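# Geometric and topological summary
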Amino acid sequence: MNPNSVKRIIDWTLYAVTIVYLLTGLGITQYRITERLTFGLLSKSFSLNIHENLLVPFLALLSIHLLFRPIIQIYSAVRKDRAGLTNNIL
């Protein structure tokens, strides 16, 4: 898979999780408005459950998003070094 497509998937997933995280936070603090706007789908207790369970995925996606470019650069450098070593041995 292309690194650009992986980055794009990570970015859009982080965007979606951030939107849901914000909406559920709003559903906890302003539950009367949120319940009315979502036709009762997002109650206060349901918002709290989702909000609490999204913290770890949100932080993991944020970390991957921030560290993706350095990880790819290190991977490319190691791959290039291995290719150079293989060519030197042969």
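In this report, the structure presented in the accompanying data block is examined. (Residues numbered from 1 in each chain as written. Predicted model: local features only at pLDDT ≥ 70, side-chain atom pairs only at ≥ 80, totals over all residues. Heavy atoms only, no water.)

## Considering the overall build of the protein
Worth spelling out the cut-off: In DSSP terms, a helix is any run of H or I states spanning at least four residues, a strand is any run of E spanning at least two, and both are numbered starting from the N terminus. It is over C-alpha atoms that the radius of gyration is taken, and the globule rule equals 2.2 Å times the number of residues to the power 0.38. Residue exposure (1.4 Å probe, protein chains only): buried if accessible area is under 20% of the type maximum, exposed if over 50%, otherwise partly exposed.
Counting its secondary structure elements, the protein contains four helices and zero strands. The linear arrangement of helices and strands in the protein, starting from the amino end, is α-α-α-α. Relative to a compact globule of 90 residues, whose C-alpha radius of gyration would be 12 Å, the protein shows 21 Å and is clearly more extended. Taking all 90 residues of the protein together, 18% fall into the buried category.

## A closer look at the side chain of Thr34
Where we set the bar: We call two N or O atoms a polar contact when they sit within 3.5 Å, provided that within protein one can donate a hydrogen and the other can accept it, with sequence-adjacent residues counted only if both atoms are side-chain atoms.
On the secondary structure map, Thr34 appears in helix 2 (residues 31-37). Classification of Thr34 by relative accessible area gives buried; the value is 7%. In terms of polar contacts, Thr34 uses its side chain to reach the backbone carbonyl oxygen of Leu26, at 3.5 Å. Of the polar contacts made by the side chain of Thr34, one reaches the backbone oxygen of Gln30; its length is 2.9 Å.

## Describing the pattern of salt bridges
Rules: We define a salt bridge as a side-chain nitrogen of Lys or Arg found within 4 Å of a carboxyl oxygen belonging to Asp or Glu.
Inspection of the entire model under this criterion finds one salt bridge. Residues Asp11 and Lys7 are paired through a salt bridge, measuring 3.3 Å at the closest nitrogen-oxygen approach. Of this pair, Asp11 and Lys7 are both found in helix 1 (residues 3-29), four residues apart, which corresponds to roughly one turn of the helix.

## A look at the nonpolar core
Formally: For our purposes a nonpolar core is just a set of buried Ala, Val, Leu, Ile, Met, Phe, Trp, Tyr and Cys residues, chained together by side-chain atoms within 4.5 Å. Contacts are assigned to residue pairs that have any heavy atoms within 4.5 Å of one another.
Counting residues in hydrophobic clusters, the biggest one holds six residues: Leu14, Val17, Tyr21, Leu54, Phe58 and Leu61. Listing elements by their share of this core, those giving two or more residues are helix 1 and helix 4 (55-89). At three residues, the largest contribution of residues to this core is made by helix 1. Other than its neighbours up to four places away in sequence, Phe58 contacts Leu14, Val17 and Thr18.

## Some thoughts on the side chain of Thr24
Topologically, Thr24 is positioned in helix 1. Since its relative accessible area comes to 1%, Thr24 is described here as buried. For Thr24, the side chain forms a polar contact with the main-chain oxygen of Tyr21, separated by 3.0 Å. A distance of 2.9 Å separates polar atoms of two side chains, one belonging to Thr24 and the other to His51. Residues in contact with Thr24, not counting those within four places in the same chain, are Leu42, Ser47, Ile50 and His51.

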